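Structural overview
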Amino acid sequence: MSKGVPYIVAGPCSVESHQQLGAAVEALARERRVNMVRCGAWKPRTRPGGFEGCGEQALQWIEECRGVADAIRHEAGGKRLLFCCEVAMPEHVEKVMSHGIDAVWIGARSTASPFVVQELTEALRGTGLRVMVKNAPSPDVRLWMGAIERCQQVGLDDVWAVHRGFDVFRNDAYRNNPLWEVPIELRRQMPEVPILCDPSHIAGRREPIAALSQTAMDLGFDGLMIETHPHPDEALTDAGQQLTPEALSLLLDGIVLRSTDSVVADEELRLLREQIDHLDSRLLQLLAARFDVSRQIARVKAQGNLAVFQPKRWDAMLRHRIETGQEIGLDERFVKGIFEKIHAESVRVQEEKIGDKQHIE
Ligand code: PEP
Ligand code: MN
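Treat the numbers as computed from the prediction; the structure is a model and nothing was measured.

1. Quick notes on the domain arrangement of the protein
- By the assigned domains, the protein splits into domain 1 (7–254) and domain 2 (267–354).
- Taking only C-alpha atoms, the centre of domain 1 and the centre of domain 2 are 40 Å apart.
- Counting residues at the interface gives nine residues for domain 1 and nine residues for domain 2.
- Broken down residue by residue, the surface that domain 1 buries against domain 2 is led by Glu 181, Ile 184 and Arg 188, which jointly contribute 59%.
- Linking domain 1 with domain 2 are two salt bridges.
- Residue Glu 181 pairs with Arg 282 through a salt bridge whose shortest N-O separation is 2.5 Å.
- Inspection of the domain 1/domain 2 interface yields three residue pairs in polar contact (both at pLDDT 80 or more).
- Of all the elements, helix 7 (residues 181–189) adds the most residues to the side of domain 1 that touches domain 2, at five residues.

This is the structure in structure tokens:
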């Protein structure tokens, strides 16, 4: 990895055919900023019945396409293009080894299970492969660290992390919530582990990928993993979020690299401040969501001819918030003060919605 230059992994979500992979590899070999091709041979579908990958046949195609990539890079005097794919079972590791794949990634659903990770790392022991560990779908930094540690414990010494966002109940802005404070905390606890951002699986659609990539660079990520397909709309998996190789080049052109060099103490302070910034931004989003609910409550109260201010409810609510706060170490007066302010604003918002001050007692 060259310092200051993002490490770029790009390629289709799934290997679908020799022709599809060949077209992707050829274009990516010509894009010299790409270091590694990602391509799934076995696809972990959330629900059964979809395309589950071409398995070992895909590995055969990768071997064949590698020759084309080598020739293009050789001619251009560039670095060799490497290839990686996902492994989810010990036999995948065996097959990947017999087809000369350079690196593997452990997918989000596998990282969630320490049993699966343990089995995989036993199979990876001694292979010398680079292993990239995606975060589990839940925002549990310890689970992510645990999978990385299991890799390190079997002697793997080229272990990376990949941030792909965290489950949400319904896709809203993103398919997976980035919760940047989680990878920031991983970096704080494991500063030696390179971290890539996978904005494709965070976004779930093409439009936000460039902005997410820039955020990742601003936060000091080491690189990006971006799904790239010669004909994204025809992709058998994740069609909505894959970019054409041309769109990938434009995205890379647009990325601004800012220096994140600083002494270790400053670096820690910077990472902690970033956590504060992201937590504050979530606080604001939560407040906005809360006042949206207040407006809906105003409508229901107006229909039922109920007063906006309900003293019994307010009293019970405040006591409950103070108790909950105390359980998690928050000062009683502080919690009371905050909720008095929130409640006052909620009353104001409801009044505004109803447009009738008569409802306030
Ligand atoms: C993938 O990278 O294609 C994939 C399945 O990702 P994840 O494990 O992050 O869902
Ligand atoms: Mn995918």
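Once you've had a look at it, read on.
2. Brief notes about helix 7
- Among the nine residues that make up helix 7, seven are buried, leaving the element largely enclosed by the rest of the structure.
- Every buried residue of helix 7 is accounted for by Glu 181, Val 182, Pro 183, Ile 184, Glu 185, Leu 186 and Arg 187.

3. Thoughts on the coordination of the manganese ion (ligand 2)
- Listed as protein donors to the manganese ion (ligand 2) are Cys 13 (SG), His 201 (NE2), Glu 227 (OE) and Asp 238 (OD); their distances from the metal cover 2.0 to 2.4 Å.
- All donors of the manganese ion (ligand 2) come from a single chain, and their spacing in sequence reads C-x187-H-x25-E-x10-D. Highlighted residues: Cys 13 in the loop between strand 1 (7–11) and helix 1 (18–30) and Asp 238 in the loop between strand 8 (223–227) and helix 10 (245–254), separated in sequence by 225 residues.

4. Considerations on the packing of aromatic side chains
- Inspection of the entire model under this criterion finds two aromatic pairs.
- Ring centres of Tyr 7 and Trp 160 lie 4.9 Å apart, and the angle between their planes is 70 degrees; on these two criteria the pair is classed as edge-to-face. A residue pair is termed long-range when its members are at least 10 positions apart, and Tyr 7 in strand 1 and Trp 160 in strand 6 (residues 159–163) qualify at 153 residues. Just as Tyr 7 is buried, Trp 160 falls in that class too.
- Taking 5.7 Å as the distance between ring centres and 90 degrees as the angle between the ring planes, the aromatic pair formed by Trp 180 and Phe 221 counts as edge-to-face. Of the two residues, Trp 180 is situated in the loop between strand 6 and helix 7 and Phe 221 in the loop between helix 9 (209–218) and strand 8; the sequence distance between them amounts to 41 residues.
- Using a relative accessible area of 8% as the deciding quantity, one classes Trp 180 as buried.

5. Concerning empty space enclosed by the protein
- According to the stated counting rule, one finds one cavity of 30 Å³ or more in the structure shown.
- Considered as a void within the structure, the largest cavity measures approximately 60 Å³ in volume.
- Pro 183, Ile 184, Arg 187, Ile 195, Leu 219, Gly 220, Phe 221 and Leu 271 together form the lining of the largest cavity.
- The element that contributes the greatest number of residues to the lining of the largest cavity is helix 7, accounting for three residues.
- Taken together, the residues of the lining of the largest cavity sort by class into six nonpolar, one polar and one charged.

6. Digging into the sheet that holds strand 2 (residues 34–38)
- The strand order 1-2-3-4-5-6-7-8 describes a closed barrel built from eight strands, whose pairing is parallel. Pairwise comparison of adjacent strand axes, ignoring direction, gives a mean angle of 30 degrees for this sheet.
- Here three bridges tie strand 2 to strand 3 (residues 82–86), and the two strands are oriented parallel to one another. Across the sheet, the residue bridging to Arg 38 is Cys 84, located in strand 3.

7. Things to note about the pairing of strand 4 (residues 103–106)
- Residues Ala 103 and Trp 105 line one face of strand 4 and the alternating positions Val 104 and Ile 106 line the opposite face, and both faces are buried.
- Sheet topology note: the strand 3/strand 4 ladder contains three bridges and is parallel. Following the sheet pairing, Cys 85 is matched in strand 4 by Val 104.
- Between the parallel pair strand 3 and strand 4, the chain is carried across by helix 3 (residues 90–98), and the sense of this crossover is right-handed.
- By the bridge criterion, four bridges tie strand 4 to strand 5 (residues 130–134) in an arrangement that is parallel. Note that in strand 5 the partner of Val 104 across the bridge is Val 131.

Rules used in this analysis
Residues numbered from 1 in each chain as written. Chains lettered and ligands numbered in written order. Predicted model: local features only at pLDDT ≥ 70, side-chain atom pairs only at ≥ 80, totals over all residues. Heavy atoms only, no water. Domains from an automatic or database assignment. Contact = heavy atoms within 4.5 Å. Buried area = accessible area lost by both parts, 1.4 Å probe. Salt bridge = Lys/Arg side-chain N within 4 Å of Asp/Glu carboxyl O. Polar contact = N/O pair within 3.5 Å; in protein donor to acceptor, adjacent residues only side chain to side chain. Helix = DSSP H or I, 4+ residues; strand = E, 2+ residues; numbered from the N terminus. Buried < 20%, exposed > 50% of the residue type's maximum accessible area, 1.4 Å probe, protein only. Donors = N, O, S within 2.8 Å, 3.2 Å for Na, K, Ca; no water. Phe/Tyr/Trp six-rings, centres within 6.5 Å; stacked < 30°, edge-to-face > 60°. 1 Å grid on protein atoms, 1.4 Å probe; cavity = no way out; pocket = protein on both sides within 12 Å on 5 of 7 lines; lining within 4 Å. Points joined across faces, edges and corners; volume = space filled by probe spheres on them. Nonpolar A, V, L, I, M, F, W, Y, C, P; charged D, E, K, R; others polar. Pairing = 2+ DSSP bridges. Axes fitted to C-alpha atoms, helices over the stretch in contact; angles between N-to-C directions. Right-handed = clockwise from strand over helix to strand, strands pointing away.

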